[in-house]
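Inside the fold
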Amino acid sequence: PQLVMSRGNREFIEWLFRAEVPEMESGAVEIKGIAREAGVRSKIAVASNVPGVDPVGTFVGGHGTRVNAVMSEVGEQEKIDIIVWDENPIAYITNALSPTKVSRVELDEAKTKARVYVPEDQLSIAIGRSGQNVRLASKLTGFEIDIEADKSAAPVAEAAEPVAEAKPVVQK
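Note that the structure is a prediction, hence the values are computed from the model and not measured.

**A closer look at helix H5 (residues 89-96)**
Judged by how many residues are buried, H5 sits mostly within the fold: six of eight residues are covered. Among the residues making up H5, those that are buried are Ala-91, Tyr-92, Ile-93, Thr-94, Asn-95 and Ala-96. Its buried side turned inward, H5 meets strand E2 (41-48), strand E3 (79-84), strand E4 (104-108), strand E5 (113-118), helix H7 (132-141) and strand E6 (144-149). The backbone nitrogen of Ile-90 lies 2.9 Å from a side-chain oxygen of the residue at the head of H5, namely Asn-88.

This is how it looks when you write it as structure tokens:
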């Protein structure tokens, strides 16, 4: 008998985190979604089931020890973004696109499409290299995401609060 395993599978990331994050076994935190381009970048949506437990901090670990251990298994060149899952699709899409500052999101839930408006100076960050950021955010959220420059938005330094506050993304 042979065991054939693909390191490119998204469940591979989940099992690596299970080995590093004991809070997953107790149910305190969980992975709600994974979008992955193996060897390049992964986005992971995490949630806490216990009040007061920071899900992103739990997965990152002290000084990044947990996420670094997973990265060493999948390959140091692969970046892992950890974001907070939210049941509100607008907040979830905003978090998935972080570190982009989102001005507003228009949803068409029937067609699972989202039009996201970002300040012009955030356009390249929202799209990412070769469309990678928006592509992974789309896979993660299940929405087809279109990014557009918000011509009416003030520069980021003067902009009003975003639609939903996004947790910082960890890239190690």
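Anyway, onward from the coordinates.
**A closer look at the sheet that holds strand E1 (residues 29-37)**
Spatially, E1-E2-E3 is the arrangement adopted by the three strands of the open sheet, whose pairing is mixed. Among the strands making up the open sheet, the edge pair consists of E1 and E3. Sheet twist, expressed as the mean angle between neighbouring strand axes with direction ignored, is 20 degrees. In this structure, E1 lies alongside E2, joined through eight bridges in antiparallel fashion. Paired with Ala-35 across the bridge in E2 is Lys-43. With respect to the sheet, H5 is in contact with E2 and E3, its orientation differing from that of E3 by roughly 155 degrees. The sheet strands contacting H7 are E1, E2 and E3, and the helix crosses E1 at an angle near 135 degrees.

**Overview of the side chain of Thr-141**
As for its placement among the helices and strands, Thr-141 is situated in helix H7. We classify Thr-141 as buried; its relative accessible area is 12%. Looking at Thr-141, its side chain comes within polar contact range of the main-chain oxygen of Ala-137, at 2.9 Å. Sequence-distant contacts of Thr-141, defined by excluding residues within four places in its chain, comprise Tyr-92, Ile-93 and Ala-96.

**Here's the deal with the packing of helix H1 (residues 10-20) against helix H4 (residues 65-74)**
The angle between the axes and the distance between the axes are what describe a pair of packed helices. Taken N-terminus to C-terminus, the directions of H1 and H4 make an angle of 135 degrees; their axes are 9 Å apart at the nearest point. In terms of orientation, H1 lies oblique with respect to H4. Pair H1 / H4 crosses with right-handed handedness. Taking contact as the criterion, the partners of Phe-12, Ile-13, Leu-16, Phe-17 and Glu-20 in H1 are, on H4, Arg-66, Val-67, Ala-69, Val-70, Glu-73 and Val-74. The residue inventory of the contact of H1 with H4, partitioned by class, reads eight nonpolar, no polar and three charged.

Calculation criteria
Residues numbered from 1 in each chain as written. Predicted model: local features only at pLDDT ≥ 70, side-chain atom pairs only at ≥ 80, totals over all residues. Heavy atoms only, no water. Buried < 20%, exposed > 50% of the residue type's maximum accessible area, 1.4 Å probe, protein only. Helix = DSSP H or I, 4+ residues; strand = E, 2+ residues; numbered from the N terminus. Contact = heavy atoms within 4.5 Å. Polar contact = N/O pair within 3.5 Å; in protein donor to acceptor, adjacent residues only side chain to side chain. Pairing = 2+ DSSP bridges. Axes fitted to C-alpha atoms, helices over the stretch in contact; angles between N-to-C directions. Parallel < 35°, antiparallel > 145°, perpendicular 65-115°, else oblique. Left-handed = near helix turned anticlockwise from the far one by under 90°. Nonpolar A, V, L, I, M, F, W, Y, C, P; charged D, E, K, R; others polar.

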